[in-house]
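Topology and contacts: notes
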Amino acid sequence: MNKVLITPKSFQKFREKPIKMLQEKGYEVIENQTGRTLTEDELIEYGKSGVVGVIVGVDPLPASVLTNCDQLKAISKYGVGTDNIDLGKADELGIQVSKAMGTNNISVAELAVGLMFESARKLSQSVQAVKNFGWGRTIGSELTGKKVALIGGGQIGKEVAKRCRGLQMEVSIYDPYFNDDSFLIEFGVSRSESLDDLLADADFVSLHLPVTDDTKHIMNAKTLSQMKETAILINTARGELVDEKALLSALQNGEIAVAAQDVYSQEPPEQGDSLVSLPNFILTPHIGAFTNEAVERMAIVSTENLITMLQGNE
Ligand code: NAD
């Protein structure tokens, strides 16, 4: 019987229906029971055991893993970020790759806006003060009327734009590949051709682009220094978009006010990590797509995508 491997931890929550879908098509389903992301060695072991399809979360699928998976025909990403998969190698080996498009964009967008509120109103700090039976208050700022720069205007960026407009914020998108003028008109959003101008003017800079050779460390010492001292950086996209050494220095030196992220170069970060220890750096544990609604959609759509790819191969 053809084997299919399912790696994402959160898949467990809505596993019944998709697993039934796979079993009805005659696949033997192997689930990641470790409660953590699989290692390259573990993935190679599964590959050697004859797995033909994988529904993968953030587990690493570099060339060294893919070349050891002789029977692998299809990789279905449980989500949309494929930076953990060597797409070139997959293509070379004839392994198809799909993404679960449109399944988690609303959840990630809502978290991005949530992190704006968290940064502007110091919510967790205030809750913690009361939990400690204190009543210390920290003055906050309103979001209304503030300028938001969205770097990346794809599925998530657009949902963030709509929500920020609902809050009467001014929204501008920097995305060299953006071509949806009707969206700009419908939601009263502007587009900037210049990242430099946008950074200098924004109260919030929110990242919604993939990591590529071109975008890695797009937020670096130079771009961070272009931001206002009162500005807030939001990153719900990928840790590698931000040069964390430069961010540490920018936050310590007051070059920007706050950074709030859902992603990090190393997840979880090391104990005592300098950036995580800063009071003006906020990090959530990659919960952008971790909602009941998104998890259910991702489970179903990634399963449908895997079946479509595998059946096309038969
Ligand atoms: P998308 O492909 O729909 O949109 C990405 C946009 O980035 C595109 O419009 C593209 O043109 C733009 N872009 C590419 N290069 C750019 C550049 N140099 N400068 C500016 N824009 C550029 O992707 P999406 O679904 O909106 O996802 C965006 C990011 O969110 C990805 O990094 C993804 O990995 C991440 N993500 C995070 C979570 C989470 O749990 N935190 C969940 C889903 C996605």
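As the structure is a computational prediction, the values presented were derived from the model and not from experiment. (Residues numbered from 1 in each chain as written. Predicted model: local features only at pLDDT ≥ 70, side-chain atom pairs only at ≥ 80, totals over all residues. Heavy atoms only, no water.)

With that settled, the discussion passes to the confidence of the model for the chain. On average, residues of the chain score 96 in pLDDT, and 99% of them reach the 70 mark or higher. By mean pLDDT, helix H2 (residues 40–48) is the weakest element of the chain at 94, and strand E10 (residues 232–235) is the strongest at 99. (pLDDT = per-residue confidence, 0-100. Helix = DSSP H or I, 4+ residues; strand = E, 2+ residues; numbered from the N terminus.)

Okay, the packing of helix H5 (residues 105–121) against helix H6 (residues 123–131) next. If you want to describe how two helices pack, look at the angle between their axes and the distance between the axes. Remark: H5 packs on H6, axes separated minimally by 6 Å, with the N-to-C direction vectors making an angle of 60°. The orientation of H5 with respect to H6, classified from their angle, is oblique. Listed contacts from H6 to Phe 117, Glu 118 and Arg 121 of H5 are Leu 123, Ser 124 and Ser 126. Taken together, the residues that form the contact of H5 with H6 break down as two nonpolar, two polar and two charged. (Axes fitted to C-alpha atoms, helices over the stretch in contact; angles between N-to-C directions. Parallel < 35°, antiparallel > 145°, perpendicular 65-115°, else oblique. Contact = heavy atoms within 4.5 Å. Nonpolar A, V, L, I, M, F, W, Y, C, P; charged D, E, K, R; others polar.)

With that settled, consider the domain arrangement of the chain. If you check the domain split of the chain, you get domain 1 (3–103 + 292–313) and domain 2 (105–283). Its C-alpha centre places domain 1 at a distance of 31 Å from the equivalent point of domain 2. Buried area between domain 1 and domain 2, summed over both chains or domains, comes out near 530 Å², and the portion from carbon and sulfur atoms is 41%. The interface formed by domain 1 and domain 2 contains one salt bridge. In this structure, Asp 83 and Arg 238 form a salt bridge, with 3.0 Å as the shortest nitrogen-oxygen distance. Inspection of the region where domain 1 meets domain 2 yields two residue pairs in polar contact (both at pLDDT 80 or more). Residues of the side of domain 1 that touches domain 2, tallied by class, amount to two nonpolar, three polar and two charged. (Domains from an automatic or database assignment. Buried area = accessible area lost by both parts, 1.4 Å probe. Salt bridge = Lys/Arg side-chain N within 4 Å of Asp/Glu carboxyl O. Polar contact = N/O pair within 3.5 Å; in protein donor to acceptor, adjacent residues only side chain to side chain.)

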